[in-house]
Amino acid sequence: QVQLVESGGGLVQAGGSLRLSCAASGRAFSSYALAWFRQAPGTEREFVAGINWNGGSTYYGDSVKGRFTISRDNGKNTVYLQMNSLKPEDTAVYYCAATQRPFVSRERYEYDYWGRGTQVTVSS
């Protein structure tokens, strides 16, 4: 069993930056692919970024490519999402997710564990 706890959300002005963290419990963390998804009111939960089990490959949604960076520290059982040049349309609840597979999927149904989410609000 893996438990995920997100932190780092908040209110920021457009053009600003935030760094989200997701701390995980569970000894198998280092073998799992990890991802961030987000969901705004009235929309589907969408893939934001993902990272393979060893951090060797990363993937991004088109709307965040070039602005967001995902990274992981397996020694600390933590995955990060650095968000720069934030826009009002980035406003959403951001969720951390883990899959028992070693490689990233962009499909939310492939993920076995989810955090409760952290709110990110970008003002214009």
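Going by the structure above, here's the rest.
Residues numbered from 1 in each chain as written. Predicted model: local features only at pLDDT ≥ 70, side-chain atom pairs only at ≥ 80, totals over all residues. Heavy atoms only, no water.

Engineer: Before we go on, may I ask you to explain the state of the cysteines in this structure?
Structural biologist: Put plainly, a disulfide is one covalent bond tying together the sulfur atoms of two cysteines. Inspection of the entire model under this criterion finds 1 disulfide. Across a sulfur-sulfur distance of 2.2 Å, Cys 22 and Cys 96 are joined as a disulfide pair. On the sign convention where negative is left-handed, the bridge of Cys 22 and Cys 96, at about -85° about the S-S bond, is left-handed. With Cys 22 in strand S3 (residues 18–24) and Cys 96 in strand S9 (residues 92–99), the pair connects residues that are 74 residues apart, well separated along the chain. Among the residues examined, Cys 96 registers a relative accessible area of 0% and is labelled buried. (Disulfide = S-S within 2.5 Å. Helix = DSSP H or I, 4+ residues; strand = E, 2+ residues; numbered from the N terminus. Buried < 20%, exposed > 50% of the residue type's maximum accessible area, 1.4 Å probe, protein only.)

Engineer: Where do I start with the pairing of S3 in this structure?
Structural biologist: Taken across its 7 residues, S3 has 5 buried, putting it largely inside the fold. As judged from the 4 bridges shared by strand S1 (residues 4–7) and S3, these two strands associate in the antiparallel manner. Counterpart to Leu 4 in the pairing with S3 is Ala 24. Summarising the sheet, S3 and strand S8 (residues 78–83) pair through 6 bridges and their orientation is antiparallel. Across the sheet, the residue bridging to Ser 21 is Tyr 80, located in S8. (Pairing = 2+ DSSP bridges.)

Engineer: Looking at this structure, I do not really get the packing of aromatic side chains. What am I missing?
Structural biologist: Two measures describe an aromatic ring pair: the distance that separates the ring centres and the angle between the ring planes. This model, assessed by the stated rule, comprises 6 aromatic pairs. Relative to Trp 114, the ring of Tyr 111 has its centre 6.2 Å away and its plane inclined at 65°; by these criteria the two rings are edge-to-face. Every member of this aromatic cluster is reached through a ring pair, and the members are Phe 37, Phe 47, Tyr 95, Tyr 111 and Trp 114. Over the aromatic face of Trp 114 sits the side chain of Arg 45, whose NZ or CZ is 5.0 Å from the ring centroid. Over the face of the ring belonging to Phe 29 we find Arg 72, whose NZ or CZ atom lies 5.0 Å from the ring centre. (Phe/Tyr/Trp six-rings, centres within 6.5 Å; stacked < 30°, edge-to-face > 60°. Lys NZ or Arg CZ within 6 Å of the ring centre and 35° of its normal.)

Engineer: Explain the environment of Asn 74 here, please?
Structural biologist: Here Asn 74 shows up in the loop between strand S7 (68–73) and S8. Considered as a pair, Asn 74 and Ala 14 are 60 residues apart in the sequence and their alpha carbons are 31 Å apart. Setting aside chain neighbours within four positions, we find Asn 74 in contact with Phe 29, Ser 30 and Trp 53. (Contact = heavy atoms within 4.5 Å.)

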